[in-house]
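# Fold and contact review
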Amino acid sequence: MNAMPTLVLESLQSLKDYVGREIATTDWLTVSQERIQQFAEATGDHQWIHVDPERARRESPYGAAIAHGFLTLSLMNRLMKEAIQLPDSVRQTINYGLNRVRFPAPVRAGEKIRARVRLMSCRELPGSVEAVYDITVETEGAEKPCCIAEWILRYYS
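So, a few notes on the structure that sits alongside this text. (Residues numbered from 1 in each chain as written. Predicted model: local features only at pLDDT ≥ 70, side-chain atom pairs only at ≥ 80, totals over all residues. Heavy atoms only, no water.)

### A few points about the environment of T93
Formally: Strands here are runs of E lasting at least two residues and helices are runs of H or I lasting at least four, both read from the DSSP assignment and numbered beginning at the N terminus. It only takes one pair of heavy atoms within 4.5 Å for two residues to be counted as in contact.
Along the chain, the position of T93 falls in strand β5 (residues 92-102). Separated by 20 residues in the primary sequence, T93 and I113 place their C-alpha atoms 24 Å from one another. Filtering out sequence-adjacent residues up to four positions away, T93 remains in contact with L86, L153, R154 and Y155.

Put into structure tokens, the structure is as follows:
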């Protein structure tokens, strides 16, 4: 199944037209063991279930090394760049935070993930526009999503 085209915004005000709608499904992204290892190095989280594929194959309930939940969460930034193309007038995007995050299922090394992005709300603030997105990250072929999050972004023009 092909991803929906990226939403290209002519203006930040036009974002309001998409409240309550799914605005994008990104392309698949492979979560390699190398990426998992790099994340472990960056964060200091070297738990064997992530960084020792042989042991994980033998001892893990998942039968393979798995990505850190926070790695999956951090990849939302990359996936969001595929989902929305902001107007040139936006000079800065600030990650304001998350309302809710869950990791219902693991991502095994080598599996592919993608995001479904739905705009929950959009409001104008002094000097910025705040958007709240419901993001569901899916693993190819899996029954349950691997990450569900409400993400708050602020756009400054």
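Picking up where we left off.
### Details of the pattern of salt bridges
We count it as follows: Throughout this description, the term salt bridge denotes a Lys or Arg side-chain nitrogen within 4 Å of a carboxyl oxygen of Asp or Glu. Categorising residues by exposure relies on relative accessible area from a 1.4 Å probe, with only protein chains included: less than 20% of the type maximum marks a residue as buried, more than 50% marks it as exposed, and the intermediate range marks it as partly exposed.
All told, the structure shown has twelve salt bridges when counted by the stated rule. In this structure, E150 engages R100 in a salt bridge whose closest nitrogen and oxygen atoms are separated by 3.5 Å. Here E150 is found in strand β8 (residues 147-156), whereas its partner R100 is found in strand β5, with 50 residues between them in sequence. Among the salt bridges present, the one from R154 reaches E130, with a minimum N-O distance of 2.8 Å. Of the two residues, R154 is situated in strand β8 and E130 in strand β7 (residues 128-139); the sequence distance between them amounts to 24 residues. According to the relative accessible area criterion, E130 is buried, its value standing at 8%. Within the structure, one salt-bridge network assembled from shared partners comprises E22, R114, R116 and E138.

### Observations concerning helix α4 (residues 69-83)
An α-helix turns once per 3.6 residues; consequently, residues spaced three or four apart project the same way. The condition that has to hold: Each helix should span, by expectation, one fewer than its residue count multiplied by 1.5 Å. In this scheme, the bend at a residue equals the angle between the axes fitted to the seven residues that finish there and the seven that begin there.
Over its 15 residues, α4 extends 21 Å from the first C-alpha to the last, a length consistent with the 21 Å expected when each residue adds 1.5 Å. Bending of α4 peaks at approximately 30° at the position of N77. Three or more residues of α4 are buried, namely L71, T72, L73, L75, M76, L79, M80 and A83.

### Here's the deal with the packing of helix α1 (residues 33-43) against α4
Going by this rule: Axis definition: a line fitted to C-alpha atoms, limited for helices to the stretch in contact. Angles are taken between N-to-C directions and run from 0 to 180 degrees. Throughout this description, any angle smaller than 35 degrees is read as roughly parallel, any larger than 145 degrees as roughly antiparallel, any in the 65 to 115 degree range as roughly perpendicular, and the remainder as oblique. Residue polarity follows a fixed list, in which Ala, Val, Leu, Ile, Met, Phe, Trp, Tyr, Cys and Pro are nonpolar, Asp, Glu, Lys and Arg are charged, and the others, Gly among them, are polar.
At their nearest, the axes of α1 and α4 sit 11 Å apart, and the two run at 105° to each other. Taken together, the axes of α1 and α4 lie roughly perpendicular to each other. Residues R35, I36 and F39 of α1 form the contact with α4, whose own contacting residues are F70, L71, S74, L75 and R78. When its residues are assigned to classes, the contact of α1 with α4 shows five nonpolar, one polar and two charged.

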